[in-house]
Number of protein chains: 2
Amino acid sequence: MIKTELERVLPGDIEKRSFEIITEELGDRVLDPENELVIKRVIHTTADFDYADSLIFSEHAVELAKAAIKEGVRFITDTNMGKSGVNRAALQKCGCTVDCFMADEDVAEAAKRLGTTRACASMEKAADLGGDCIFAVGNAPTALVRLYELIKEGRLKPKLVIGVPVGFVNVVQSKEMILSLPDTPFIVARGRKGGSNVAAAICNALLYQCI
Amino acid sequence: MIKTELERVLPGDIEKRSFEIITEELGDRVLDPENELVIKRVIHTTADFDYADSLIFSEHAVELAKAAIKEGVRFITDTNMGKSGVNRAALQKCGCTVDCFMADEDVAEAAKRLGTTRACASMEKAADLGGDCIFAVGNAPTALVRLYELIKEGRLKPKLVIGVPVGFVNVVQSKEMILSLPDTPFIVARGRKGGSNVAAAICNALLYQCI
């Protein structure tokens, strides 16, 4: 039977209550304490418990990301939607910024000239700019493939790669490429699922631990 | 075994190929032709085939929405993330606009004064502004509950309610409230799943049919 009666929860308590429900429904399932808040926030964002299994963390990815955030890292997303999902107040408190180059004119031109995607060209632009970056890829597998290549070529050394594009063409493969990197911290949602909302949720889960 | 070899697909063909894969995997499943493009775009956005079952359309919701779009309807979202996911070029070609009032100062003040959520106050603001609107709620069940009340009170007559919030507290219930409305066109993702990405995908699926 479908619930129809509204639960009385104060606006400020909705998130807390949601996390309680998630914890209840995870039951006996033991999550790595280091990764727990990220996993639960992704489930909170998607209502999809598959992420308890599909999220793969490289060793101490969360601790390394938190250290980078404390140094004022720059987040780079592959969609403006992902960018707008990253909590502005949390970024500011941590002295971090978020950028997305997808809609930039020089990126569109480069993509056209090279016969690639704008997502791919936007990663290239980020690599050229340099600095300490966390990449949050929630949409374009081509962005993730290009990140992999830039890392392999030694042109990029990200503080973290959040690899959670969603979809059907080269999504699974692009994630496996990131999972194969030996020295790059990553958080990857194995399989087809993910999204800009998932990417933003992971950024926020990391930021909230640094406030 | 996990696929690791990249599929060769030109950037401009990725979406087409994705829809082919979705159609293949839906197999013998027959979708209502009127709703098919919306359902497939949501699956494309989420890689989640659950939506083939959970998306509920009121009678001719899609045709009614398309007629409203052709008259230059205003889309209202409950998150800036949802807003930023609605395709700008498609909106412009259709003579439509998209607004989100969540970050407005008067909305924050009203929410505080009334002890409600900003999402709820932002729906109130939309109702006060009047005009023909399509509401796309991908995040806040409180927004959906307030929409239901405004419709019941006769203060609002939306051209379409896209009811796809995600989460654990009152999400299921708020959707059932919209499903119970006899004279309001709706597209609802029954259950806990949804999101700003899903809301934007539905807006885009409707807009693309009007270009």
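Residues numbered from 1 in each chain as written. Chains lettered and ligands numbered in written order. Predicted model: local features only at pLDDT ≥ 70, side-chain atom pairs only at ≥ 80, totals over all residues. Heavy atoms only, no water.

Let us look at the overall build of chain A. The helix and strand inventory of chain A stands at 11 helices and six strands. The globule rule puts the C-alpha radius of gyration for 211 residues at 17 Å, and the 17 Å found for chain A is close to it. With respect to the three principal axes, the spread of C-alpha positions in chain A is 55 × 35 × 35 Å. Counting across all 211 residues of chain A, residues that qualify as buried make up 58%. Pairs at least 24 apart in sequence give 65% of the contacts found in chain A among residues at least 6 apart. (Helix = DSSP H or I, 4+ residues; strand = E, 2+ residues; numbered from the N terminus. Rg over C-alpha atoms; globule rule 2.2 N^0.38 Å. Buried < 20%, exposed > 50% of the residue type's maximum accessible area, 1.4 Å probe, protein only. Contact = heavy atoms within 4.5 Å.)

Within the largest apolar cluster, 94 residues are counted, with the highest numbers of intra-cluster contacts made by I69(A), F75(A), I202(A), I69(B), F75(B) and I202(B). For I69(A), the contacting residues outside a window of four places in its chain are F75(A), C94(A), C96(A), I134(A), L206(A), L207(A) and C210(A). (Core = buried A, V, L, I, M, F, W, Y, C linked by side-chain atoms within 4.5 Å.)

Once that is clear, we can look at helix 8 (residues 118–129) of chain A. Residue and element names in this part refer to chain A. Taking 1.5 Å of rise per residue, 12 residues should cover 16 Å, and helix 8 covers 16 Å from first to last C-alpha, within 8% of that figure. Regarding helix 8, the residues found buried are A119, C120, A121, S122, M123, A126 and A127. Contact partners of the buried residues in helix 8: strand 2 (74–77), helix 7 (105–114), strand 4 (133–137) and helix 9 (141–152). (Expected span 1.5 Å × (residues − 1).)

Let us look at the interface of chain B and chain A. Contacts between chain B and chain A engage 45 residues on the former and 45 residues on the latter. Together chain B and chain A conceal approximately 3,600 Å² of surface at their shared face, both sides included; 68% is due to carbon and sulfur atoms. Contact with chain A buries area across many residues of chain B, yet M81(B), F168(B) and V169(B) alone supply 21% of it, more than any other trio. Applying the counting rule to chain B against chain A returns four salt bridges. (Buried area = accessible area lost by both parts, 1.4 Å probe. Salt bridge = Lys/Arg side-chain N within 4 Å of Asp/Glu carboxyl O.)

Another point: the UniProt feature "domain: Cobalamin biosynthesis precorrin-8X methylmutase CobH/CbiC" (unreviewed entry) in chain A. Per the UniProt entry, the sites bearing "domain: Cobalamin biosynthesis precorrin-8X methylmutase CobH/CbiC" (unreviewed entry) are residues 13–208 of chain A in this numbering. Annotation note: span residues 13–208 of chain A, helix share 55%, strand share 12%, distance between end C-alpha atoms 17 Å. (UniProt positions renumbered as here; feature names shortened; annotations may be inferred.)

Here we take up the sheet that holds strand 4 (residues 133–137) of chain B. Residue and element names in this part refer to chain B. The strand order across the open sheet formed by six strands is 1-6-5-4-2-3, and the pairing between neighbours is mixed. Each end of this open sheet is capped by a strand with a single partner; those strands are strand 1 (55–57) and strand 3 (97–100). Shown here is a sheet whose adjacent strand axes are inclined to one another by a mean of 15°, direction ignored. Examined bridge by bridge, strand 5 (residues 160–163) and strand 6 (residues 186–189) share three bridges and lie parallel to one another. Bridge pairing in strand 6 places I162 opposite I187. On the sheet, helix 4 (residues 61–70) packs against strand 1, strand 2 (74–77), strand 4, strand 5 and strand 6 and is oriented at approximately 125° with respect to strand 6. (Pairing = 2+ DSSP bridges. Axes fitted to C-alpha atoms, helices over the stretch in contact; angles between N-to-C directions.)

The next thing to look at is the packing of helix 7 (residues 105–114) of chain B against helix 8 (residues 118–129) of chain B. Residue and element names in this part refer to chain B. Following both chains from N to C, one finds helix 7 and helix 8 inclined at 115°, their axes separated by 8 Å at the closest point. In the packing of helix 7 onto helix 8, the handedness of the crossing is right-handed. Every residue of helix 8 that contacts helix 7 at D106, V107, A108, A110 and A111 is listed here: R118, A121, S122 and K125. For the contact of helix 7 with helix 8, a count of residues per class yields five nonpolar, one polar and three charged. (Left-handed = near helix turned anticlockwise from the far one by under 90°. Nonpolar A, V, L, I, M, F, W, Y, C, P; charged D, E, K, R; others polar.)

Below, the discussion takes up the packing of aromatic side chains. Counted under the stated rule, the structure contains two aromatic pairs over all chains. A centroid spacing of 6.0 Å and a plane angle of 80° characterise the contact between F49(A) and F168(B), whose relative ring orientation is edge-to-face. Of this pair, F49(A) sits in the loop between helix 2 (36–46) and helix 3 (51–54) while F168(B) is found in the loop between strand 5 and helix 10 (171–179), placing the two residues in two different chains. Judged by its relative accessible area of 24%, F49(A) is partly exposed. (Phe/Tyr/Trp six-rings, centres within 6.5 Å; stacked < 30°, edge-to-face > 60°.)

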